[in-house]
Amino acid sequence: MAAFPPPSRLVVLVSGSGTNLQALLDAGANVVAVGADREGIVGLERAERAGLPTFVAKLKDFGSREEWDAGLAEAVASFEPDLIVSAGFMKIVGKEFLARFGGRFVNTHPALLPSFPGAHGVRDALAYGAKVTGCTVHFVDDGVDTGPIIAQSAVEVRPGDTEEALHERIKEVERRLLVDVVGRLSRDGYRIEGRKVLLP
Ligand code: GRF
């Protein structure tokens, strides 16, 4: 069992439009820095607009995936976060990152895990013919979207849905869920017992 005090300092990792990051900022979350795996994304612009420090760790600037992972971990650590949020960060972190931040690294995924893990959760749910999908906020472990689940919300699939339309509806629910989860973790602290996340 691992017990964590209420996290106060957040680092958010992004790869895209950063609407989840924006929702956290709008809700008053104490984001101390925003990191990305690429330049030129709206997510970084949002951080800059909010006056936050940003950093970019690009895979191709490192000699290997291990070195990238260690570099990312170092950059994150320099902001002394209590909680790291992967908000649309499209990279799988490695051993070093998890050794430093295991149990303190949260991801949001646009499907009801354990269904449809991976980079195309919305597309895969649609292709499978699922009638209900949604989003999952979970702690990250060494698998792909396999870590202990913190909270989930369901979204109905509509006849004729496109991936884009469904993803937009999921993201509306996802932003609220992420803000709620981060708020609760930050106010109350949490415990992780095996696969169970216990919020007071
Ligand atoms: C979210 O749906 C997230 O779950 C997925 O990518 C989307 C990111 O959206 N992996 P944004 O960058 O926060 O707008």
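Please refer to the structure placed before this passage.
Residues numbered from 1 in each chain as written. Predicted model: local features only at pLDDT ≥ 70, side-chain atom pairs only at ≥ 80, totals over all residues. Heavy atoms only, no water.

1. Thoughts on the packing of aromatic side chains
- Taken as a whole, this structure holds six aromatic pairs when the rule is applied.
- When the centroid spacing of 4.8 Å and the interplanar angle of 15° are considered together, the rings of Phe-4 and Tyr-190 count as stacked. Pair noted here: Phe-4 is in strand E1 (residues 2-4) and Tyr-190 is in strand E9 (residues 190-193), with a separation of 186 residues, a long-range link.
- The buried category is assigned to Tyr-190, whose relative accessible area is 3%.
- Residues Phe-55 and Phe-79 carry aromatic rings whose centres are separated by 5.6 Å and whose planes lie at 15° to one another, so their mutual orientation is stacked. Of this pair, Phe-55 sits in strand E4 (residues 54-56) while Phe-79 sits in the loop between helix H3 (65-77) and strand E5 (83-86), and the two are 24 residues apart along the sequence. For the pair Phe-55 and Phe-79, a shared accessibility class is recorded, and that class is buried. (Phe/Tyr/Trp six-rings, centres within 6.5 Å; stacked < 30°, edge-to-face > 60°. Helix = DSSP H or I, 4+ residues; strand = E, 2+ residues; numbered from the N terminus. Buried < 20%, exposed > 50% of the residue type's maximum accessible area, 1.4 Å probe, protein only.)

2. Notes on the sheet that holds E1
- Pairing is antiparallel across the open sheet formed by three strands, whose spatial order is E1-E9-E10. The sheet terminates laterally at E1 and strand E10 (196-198), the two strands that pair on one side only. Pairwise comparison of adjacent strand axes, ignoring direction, gives a mean angle of 20° for this sheet.
- Here E9 runs beside E10; their pairing, made up of three bridges, is antiparallel. Bridge assignment links Arg-191 to a residue of E10, and that residue is Leu-198. (Pairing = 2+ DSSP bridges. Axes fitted to C-alpha atoms, helices over the stretch in contact; angles between N-to-C directions.)

3. Brief notes about the pattern of salt bridges
- Tallied over the full model, the rule gives nine salt bridges.
- Residue Asp-37 pairs with Arg-38 through a salt bridge whose shortest N-O separation is 2.9 Å.
- On the basis of relative accessible area, Arg-38 is assigned to the partly exposed category, the value being 33%.
- One salt bridge connects Lys-91 with Asp-37, and the closest N-O pair in it is separated by 2.8 Å. Linking Lys-91 in the loop between E5 and helix H4 (95-101) with Asp-37 in the loop between strand E3 (31-36) and helix H2 (42-49), this pair joins segments that are 54 residues apart in sequence.
- Classification of Asp-37 by relative accessible area gives buried; the value is 4%.
- Residues participating in the shared-partner salt-bridge network are Asp-37, Arg-38 and Lys-91. (Salt bridge = Lys/Arg side-chain N within 4 Å of Asp/Glu carboxyl O.)

4. A short note on the pairing of E9
- Where burial is concerned, the two faces of E9 differ: the one with Tyr-190 and Ile-192 is buried and the one with Arg-191 and Glu-193 is not.
- The hairpin turn running from E9 into E10, its antiparallel successor, is two residues long, and Gly-194 in that turn takes a positive phi close to 60°.

5. Considering the packing of helix H1 (residues 19-26) against helix H6 (residues 163-188)
- H6 packs onto H1 with a crossing angle of 45° between their chain directions and a minimal axis gap of 9 Å. Here H1 is positioned oblique relative to H6, judged by the angle of their axes. The two elements H1 and H6 meet at a crossing, and its hand is right-handed. When H1 is examined against H6, the residues Thr-19, Asn-20, Ala-23 and Leu-24 are found in contact with a partner set consisting of Lys-171, Glu-174, Arg-175, Leu-178, Val-179 and Val-182. (Parallel < 35°, antiparallel > 145°, perpendicular 65-115°, else oblique. Left-handed = near helix turned anticlockwise from the far one by under 90°. Contact = heavy atoms within 4.5 Å.)

6. Overview of the side chain of Thr-136
- With respect to the helices, strands and loops of the structure, Thr-136 is situated in strand E7 (residues 132-139).
- Here the side chain of Thr-136 touches Ala-111 through a polar contact of 2.7 Å, landing on its backbone oxygen.
- Only 2.9 Å separates the side chain of Thr-136 from the side chain of Gln-152, close enough to count as a polar contact. (Polar contact = N/O pair within 3.5 Å; in protein donor to acceptor, adjacent residues only side chain to side chain.)

7. Side note on the layout of surface pockets
- A volume near 770 Å³ is recorded for the largest pocket.
- Around the largest pocket sit 41 residues that line it, and Gly-88, Phe-89, Met-90, Thr-108 and Pro-110 are the ones nearest its centre.
- Elements with a contribution of two residues or more to the lining of the largest pocket: H1, strand E6 (105-109), helix H5 (121-128) and H6.
- With six residues, the single largest contributor to the lining of the largest pocket is H6.
- Among the residues forming the lining of the largest pocket, the class breakdown is twelve nonpolar, 18 polar and eleven charged. (1 Å grid on protein atoms, 1.4 Å probe; cavity = no way out; pocket = protein on both sides within 12 Å on 5 of 7 lines; lining within 4 Å. Points joined across faces, edges and corners; volume = space filled by probe spheres on them. Nonpolar A, V, L, I, M, F, W, Y, C, P; charged D, E, K, R; others polar.)

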